[in-house]
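Here's the letter readout for the chains.
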Amino acid sequence: MDSRDLTQALRDATEDLTPRDGFAGDVVAGGRRRRRRNRVAMASAVVGTAAVAAIAMTGPTPLSAPPAPGASQQTEPSRDWRMSYQGGEHVDDPLRVTEIIEAWTTGLRTGRPANQNGTFDDRPGDPHVYWAGDTINGYGEAAIVMEVVRLSPDDERILTGVVATPPNTTAPRLLGLQLDGPGEQGQFVLPDNRTVVAVARPGTELWLSREITYTDEGSQRHWMPYEATDGVIVQDLYDNSNKLNVRLVAGAEPTPENMDPDRIRPLVMTGRDAVPTARGLPWDRTVDLGANDAASSVGDRFDASAEFTKALRDSGQLDPWSYQERRSPWLVMARVQDGVLMIGEHQELDEAAYVYVAMPRGDGGYDVRRAGTTDHSLPVAVRLPDNGGYVVAAFGEELTYRTGWDGAWSAPFRDAGLLPPEATHVQAGDHFLDLANAK
Amino acid sequence: MRDAEFTDFVTHRSPTLLRSAYLLCGGDHAAAEDLLQEVLERVFPRWRRIRDNPEAYVRAALVNAATNRWRHRSRRVTEAPLAIDVPAPPVAGPEQHILTHDLVVRALATLPTRMRAVLVLRFFDDLSAADTAAVLRCGVGTVKSQTSRGLARLREHLTPSATATTGAADGQP
């Protein structure tokens, strides 16, 4: 089939398709509903900004004084749009607002959850309840509070916190804090480990991805846009989501090509267990199957650990929004025709740890592929190109191989080895592997 | 005036856009209609800004939405057919023609989402490699390599003896 055949086949296959009756009317009605929601949100934001301007004109404060000649024209924190915006169904309830402010003030005074060293004690203004409303999935009420903090005489920023009632308690408490920079911040996961409350300018979108999906072609993220209609987005991560693998991004729809670390809005975890579990293999050595020959000096030795990390980073196999440079704690390296083959592991966030094989290409780069997770991939076995045999590894184990069902087992060797192409089976401790299954 | 323009656009361009959506959704008519409706509704509040070239904007939004939709679905279920080598009827006739079209759509559905999007944009929507790259926000080189690999994989699927692989389970080295 050539491209002309394909074009014709696709056109023939779709020529009878038409939208259902009333489709255009449904679309226009749905579009109008969306536009109405956006307008309400934008009107609220504009009113808030106008109020700030009025205050600045009638009651100058040290923060609202005109900037000195040559001074930065950057918006002062106290005039930031967020400091005058208010959203949420409870923000007009004076009793609730008083409780929220009290929780904020108490939290900062007692250093819970942060400020034990008094870093945020210099606060020239007043706390501002930016949003107070109900969350979804039954967590209950929550609030976002902001206040300008002076970190040094010329460094004032907005400090944003989330106030909510923790499980098994009755009073609201300050549960998490986030300081501006870079960019506007204020994203929290509540103690139920599934409710996300994130500040966003009304009418704008934040993109949320709940997890990394690993496929044969590399890692992927499914991004969902959420529009802030009330100054925040409130989203549920679902029961089976792992909060540590969530990513929130501001701006245009995230793609690997437009990945910009400054657009990632880090989430503050207010619950417990906020540390990823290390799922790698308990190995900590490098096995060199002839990658560095005896004649090479130490200075010329192949730095496999750095090279492996670089190969993974450049491969597109890893998630660009989660990538952190870390070295594999173990490596197997072997000399092959086009360079040095490397096998190691990498774990992203709180995902599984995967074994990766970096196969050198002739151009100095590597073809990288996943060879399974570390929890059920032992022993590691990689088929070399051009009938070059196999690399097998099972650290801490005694390995042996044979060249047929009737063949004798080889002399045992430890950790890893380079097997001839005629090898058919490997025994590694309690594991038995048919090399026909080697990738 | 703006609403009337938008309504006119939806009325007249929806059939064409639906066909693209149908291919992007791997031949799922209902899903394609839902996808198109969602994309058009999202476009409506932005109509004033995009009305100079709305179709290109909608097409790009459609591709992105379809890619996301399929990523989401692929997490939960594998919907690629296990075998697509439906035996041909003994005598070629009109039904053979329809069968071929069906096979092409089903073969297209087995491709990764972005590869499928590249083929749909290039060979159904007649976009150049550069325009396709702009829609997908990737390099022209990526479009070319995806096109070449996509066509090769389609050919593989459409050869009489071809069967789609079920894929090896992860974790087996």
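Above this text sits the structure in question.
Remember, predicted model here, so these are calculated numbers, not experimental data.

A few points about the overall build of chain B
Point 1. Across its full length, chain B holds eight helices and zero strands.
Point 2. Going residue by residue from the N terminus, the α and β elements of chain B occur as α-α-α-α-α-α-α-α.
Point 3. A burial count over chain B gives 49% of its 173 residues as buried.
Point 4. Relative to all contacts within chain B whose residues are 6 or more apart in sequence, the contacts with residues 24 or more apart total 64%.
Point 5. Counting only carbon and sulfur atoms, one obtains 54% of the accessible surface of chain B, whose full area is about 8100 Å².

Regarding the environment of I50(B)
Point 1. Here I50(B) lies in helix α3 (residues 47–50).
Point 2. With sequence-adjacent residues up to four places away left out, I50(B) is seen in contact with V43(B) and Y57(B).

Looking at a nonpolar patch on the surface
Point 1. Taken together, the side chains of W405(A), W409(A) and F432(A) define a hydrophobic patch exposed on the protein surface, amounting to about 360 Å² of accessible area.
Point 2. Take W409(A): it is sitting in the loop between β20 (390–402) and β21 (413–419).

Regarding the nonpolar core
Residues and elements named next belong to chain B.
Point 1. Formed by 56 residues in total, the largest nonpolar core has its most connected members in F6, V10, L23, L40, L62 and L108.
Point 2. Among the elements that make up this core, the one with the highest residue count is helix α1 (residues 2–24) (nine residues).
Point 3. The residue makeup of this core includes at least three contributed by each of domain 1 (1–79) and domain 2 (89–164).
Point 4. Other than its neighbours up to four places away in sequence, L62 contacts L17, S20, A21, L24, L35, L36 and V39.

Examining the sheet that holds strand β12 (residues 247–250) of chain A
The pairing of strands in a sheet happens through backbone hydrogen bonds and is either parallel or antiparallel.
Residue and element names in this part refer to chain A.
Point 1. Ordered in space as β10-β7-β12, the three strands form an open sheet in which the pairing is antiparallel. Lying at the two open borders of the sheet, with one neighbouring strand each, are β10 (224–227) and β12. Across the sheet, the mean angle from the axis of one strand to that of its neighbour is 30°, orientation sign disregarded.
Point 2. Summarising the sheet, strand β7 (residues 205–209) and β12 pair through four bridges and their orientation is antiparallel. Residue S209 lies in a different strand from β12, and its bridge partner there is R247.

Re the packing of helix α7 (residues 129–136) of chain B against helix α8 (residues 140–158) of chain B
For any two helices packed against each other, the geometry is given by the interaxial angle and the distance between the axes.
Residue and element names in this part refer to chain B.
Point 1. Running from amino to carboxyl end, α7 crosses α8 at an angle of 105°, the nearest separation of the two axes being 8 Å. With respect to each other, α7 and α8 are oriented roughly perpendicular. Contact with α7, carried on its side by A129, A130, T132 and A133, involves V140, V143 and K144 of α8 and no other residues of that element.
Point 2. For the contact of α7 with α8, the residue count by class is five nonpolar, one polar and one charged.

Things to note about the pattern of salt bridges
Point 1. A complete count under the given rule lists 24 salt bridges over all chains for this structure.
Point 2. The partner of R150(A) in a salt bridge is E156(A), with the nearest N and O atoms 2.9 Å apart.
Point 3. On the accessibility criterion, E156(A) (18% relative accessible area) is buried.
Point 4. Of the charged contacts, one joins D314(A) and R313(A) as a salt bridge, the two residues approaching to 3.5 Å between their closest N and O atoms.
Point 5. Here the residues in one salt-bridge network are R13(B), E55(B), R59(B) and D125(B), joined through shared partners.

What about helix α1 (residues 3–14) of chain A?
Point 1. Here α1(A) contains 12 residues, and its C-alpha end-to-end distance of 17 Å stays within 8% of the 16 Å for a straight helix at 1.5 Å per residue.
Point 2. Looking at α1(A), one finds that the buried residues are L6(A), T7(A), A9(A), L10(A), D12(A), A13(A) and T14(A).

Remarks on the sheet that holds strand β3 (residues 155–164) of chain A
Residue and element names in this part refer to chain A.
Point 1. Taken in spatial order, the four strands of this open sheet run β1-β2-β3-β4, and their pairing is antiparallel. A single partner strand is all that each edge strand has here, and the edge strands are β1 (128–134) and β4 (173–179). Going across the sheet, the axis of each strand differs from the next one's by a mean of 25°, ignoring polarity.

Here's the deal with helix α3 (residues 94–110) of chain A
All names here are of chain A.
Point 1. Its 17 residues give α3 an end-to-end C-alpha distance of 24 Å, which sits within 8% of 24 Å, the value for a rise of 1.5 Å per residue.
Point 2. Restricting attention to buried positions, one finds in α3 the residues V97, I100, A103, W104, G107 and L108. The buried residues of α3 occupy an angular sector of 125° when projected down its axis, which confines them to one face. Within α3, the exposed residues directed more than 90 degrees away from the buried face are P94, L95, E102 and R109.
Point 3. Residues of α3 that are buried make contact with β1, β2 (141–152), β3 and β4.
Point 4. Two or three places before L95, at the opening of α3, D93 has a side-chain oxygen 3.0 Å from that residue's backbone nitrogen.

Quick notes on the rules
Residues numbered from 1 in each chain as written. Chains lettered and ligands numbered in written order. Predicted model: local features only at pLDDT ≥ 70, side-chain atom pairs only at ≥ 80, totals over all residues. Heavy atoms only, no water. Helix = DSSP H or I, 4+ residues; strand = E, 2+ residues; numbered from the N terminus. Buried < 20%, exposed > 50% of the residue type's maximum accessible area, 1.4 Å probe, protein only. Contact = heavy atoms within 4.5 Å. Areas by Shrake-Rupley, 256 points an atom, 1.4 Å probe, with all protein chains shown as cover. Patch = residues over 30% accessible without salt bridge, like charges linked within 9 Å, V, L, I, M, F, W, Y side chains within 5 Å. Salt bridge = Lys/Arg side-chain N within 4 Å of Asp/Glu carboxyl O. Core = buried A, V, L, I, M, F, W, Y, C linked by side-chain atoms within 4.5 Å. Domains from an automatic or database assignment. Pairing = 2+ DSSP bridges. Axes fitted to C-alpha atoms, helices over the stretch in contact; angles between N-to-C directions. Parallel < 35°, antiparallel > 145°, perpendicular 65-115°, else oblique. Nonpolar A, V, L, I, M, F, W, Y, C, P; charged D, E, K, R; others polar. Expected span 1.5 Å × (residues − 1). Arc of directions from axis to C-beta. Polar contact = N/O pair within 3.5 Å; in protein donor to acceptor, adjacent residues only side chain to side chain.

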